[in-house]
Amino acid sequence: MAAPIQTLGDLRQHSDARTRSVKEEIRDNLVRKLQSGERLLPGIIGYDETVIPQLVNAILSQHNFILLGLRGQAKSRILRGLIDLLDDRIPIVPGCEIHDNPLAPLCSACRARVATEGDRLPIGWLERGDRYVEKLATPDVTIADMLGDIDPIKAAHAGLHLADELTMHYGLLPRANRGIFAINELPDLAGKIQVGLFNILQEGDVQIKGYPIRLKLDVMLVFTANPEDYTARGKIITPLKDRIGSEIRTHYPSTRHNAMAITAQEAWTERPGARRIEIPSYVREVVEEVAFQARGERKIDKRSGVSQRLPITTLELVVSNAERRALLTGEKVVVPRVTDVYAALPSITGKFELEYEGELRGAEQVARDLIRSAVGSVFTGMFDGTDTRTVVEWFDLGGALMLSDHSSSDEVIAQTRCVQGLRELAEHVGLGAGAPAPAVASAIDFVLEGLYAQRKISRTDDRRYSAAESAPRQRGRREEPAMDDTIPMPSGKKKYYN
C-alpha cells in the first residue's frame, strides 16, 4: 500500500501527479464512464436520446454550456449530477480561499508559501462534493457577491496598500476555482455582472475594482435559463451568449410511461405505519395525464410551462386522501381511487398560469376539467372496444348511486352491487382473484368516473351518479320562405309572387 501524500514533496514524487484543468478532468472521467458502459446521470429519465447526447458532446468539447427549458425539466438536477464526473479529491494548499493547486499556485500568498516551505509544504485535500458551487441569480446580486471586492479592513490590519492582491475578499466565482460554478436563471443577472462573466469566459481572469489583479481561474461555468425569461424579466447579453459553447434544450417527458417513472421516483408514497399502500396503475396514469392535458390546454399559458412537479405533488395528495379515508374507516390496505385526484386540487391549481379565458373560468374549474379529460383519456385507452351499455342502461332506466369521498370499500361494493355489469367492468382493469375490497372499490370508482368523463352518465359535485343529461335541443335553422309563400305587407294586404 502506497504511503499517503502529505507534503508537496510527496505530491511531486507521485507518478500519477499531473496538472489538468477542470474541463480536462471532467472529460477524462466521462470518457472512462462511456467506455465502461456506466450509466450517466442516474435518476434523469426520458433524456437518453435527446438531452444527454448533447450534454456528452458539450463535455467532450470542453464547452461551458447552458440548459434552456421551462420550469420542472430537471435542469438543476442535471448540473448537480456533473459532480460525479469530478475526481474523488484533489490536492490543495491548505487555508487557501480559492483552493490553489500546490503544483501551480495562482495567488501570491500561496506562491510565497511554496517558495518558503518548498517540499515541506503540507498538502490538503478537497472532496468532489465541495467543488460544486451553485448560485440562484436574482436582480440584487452584485459584482462583489459574484467576483469579489477589496476589503479595506483587511488592508488596514495588515498594513497593505489597497492595490495589493492580499486585500481581496473573494466572491463566489473565485471560490469555485478548480471546480464547477453553476448559475440558475442566468437572465435575472444584471447586465454588468454578465459582463463580468463574459470577461471570465473571454480572458480567463478576474479583475476587481479596476486594480491590476488578475487570476486565471480554472473553472467550468454552466448555466440554466427559462427561454421566456429573455423577455419576461431580463435577457442574456449577446456577447456572453455568444461565448457559451453549447445551448442545450430540455423538455417535458414525451411519453406517459417516462412521466410515470419520474413521478414514481420522486413522489413520497411509501408512508410509515402498518398500512400497506397499493397505487393502481390507472390512478398513476390519470395523475400523469392531468399534466399532459394541462400542457395542451389553451386556457393555460404554455410559455410558463406546466412543471413535472404537478404530478409528483398531486400523487402525494392522492395517496394522503386515501390514507385519510383508511384511517377513518379502519382499513388496513390503502388503495387510492380516481376521485381522490379531485382532493389534489390545491396542488394542481398552483402549478400553472392561466390565459385570459382561463381566468374567466377560474383555476379550480379549469383543474376539474383537466381531471375529467384525463380520466376520459385513460378510460378510453383501457376500455376501447369494451361494451359498457349494460351499466349505462341501468342509469338510463332511472338508477342512481350516492357515494361519498369517505365511503369505505365495503360500502362502495354494497351500494354498487345492484348495478348490472359494473363488477364485470371493474375486473377489466386487471383485478386478480381474491383482490382486497379497497382494490375492488377503487376499480368500481374508476369505471363510474370513466363513464362520467365520457358523458355516458352524469355526476353531481356531491358524487351522485345518474343518467346522462339529455342533450339540449338545438334550435332549428330558420328556413327561407318559398316563392309561393305569402309575405305580410305593411298595409295588412298580402302580396303574391308568381
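Predicted, not measured: the structure shown is a model, and the values here were computed from it.

Sheet strands pair via backbone hydrogen bonds, and the direction of the pair is either parallel or antiparallel. Taken in spatial order, the 5 strands make up an open sheet running β4-β7-β8-β1-β9, and their pairing is parallel. Each edge of the open sheet carries a strand with a single partner, namely β4 (132-136) and β9 (246-249). Sheet twist, expressed as the average angle between the axes of neighbouring strands with direction ignored, equals 20 degrees. Each of β7 (179-184) and β8 (219-225) is contacted by helix α2 (residues 22-36), which is oriented at about 75 degrees to β8, the strand it contacts most. Contacts from helix α3 (residues 51-60) reach β1 (65-68), β8 and β9, with the element oriented near 165 degrees to β9.

Sheet architecture is open: 3 strands sit in the order β12-β14-β13, paired in antiparallel fashion. The open sheet has two edge strands, β12 (401-402) and β13 (457-459), and neither has a second partner. Sheet topology note: the β12/strand β14 (residues 464-467) ladder contains 2 bridges and is antiparallel. Bridged to L401 within β14 is Y465. Packed on one face of the sheet, helix α18 (residues 389-396) meets β12, β13 and β14 and runs near 95 degrees to β14. Helix α21 (residues 437-453) rests against β12, β13 and β14 of the sheet, and its axis sits at about 105 degrees to β13.

What the rule picks out here adds up to 28 salt bridges. For E25, the salt bridge is made with R131, and the minimal N-O distance between the two is 2.8 Å. With E25 in helix α2 and R131 in the loop between β3 (124-127) and β4, the pair connects residues that are 106 residues apart, well separated along the chain. Across the pair, R131 and E25 agree in class, each one buried.

Reading the values: rules and limits
Residues numbered from 1 in each chain as written. Predicted model: local features only at pLDDT ≥ 70, side-chain atom pairs only at ≥ 80, totals over all residues. Heavy atoms only, no water. Pairing = 2+ DSSP bridges. Helix = DSSP H or I, 4+ residues; strand = E, 2+ residues; numbered from the N terminus. Axes fitted to C-alpha atoms, helices over the stretch in contact; angles between N-to-C directions. Contact = heavy atoms within 4.5 Å. Salt bridge = Lys/Arg side-chain N within 4 Å of Asp/Glu carboxyl O. Buried < 20%, exposed > 50% of the residue type's maximum accessible area, 1.4 Å probe, protein only.

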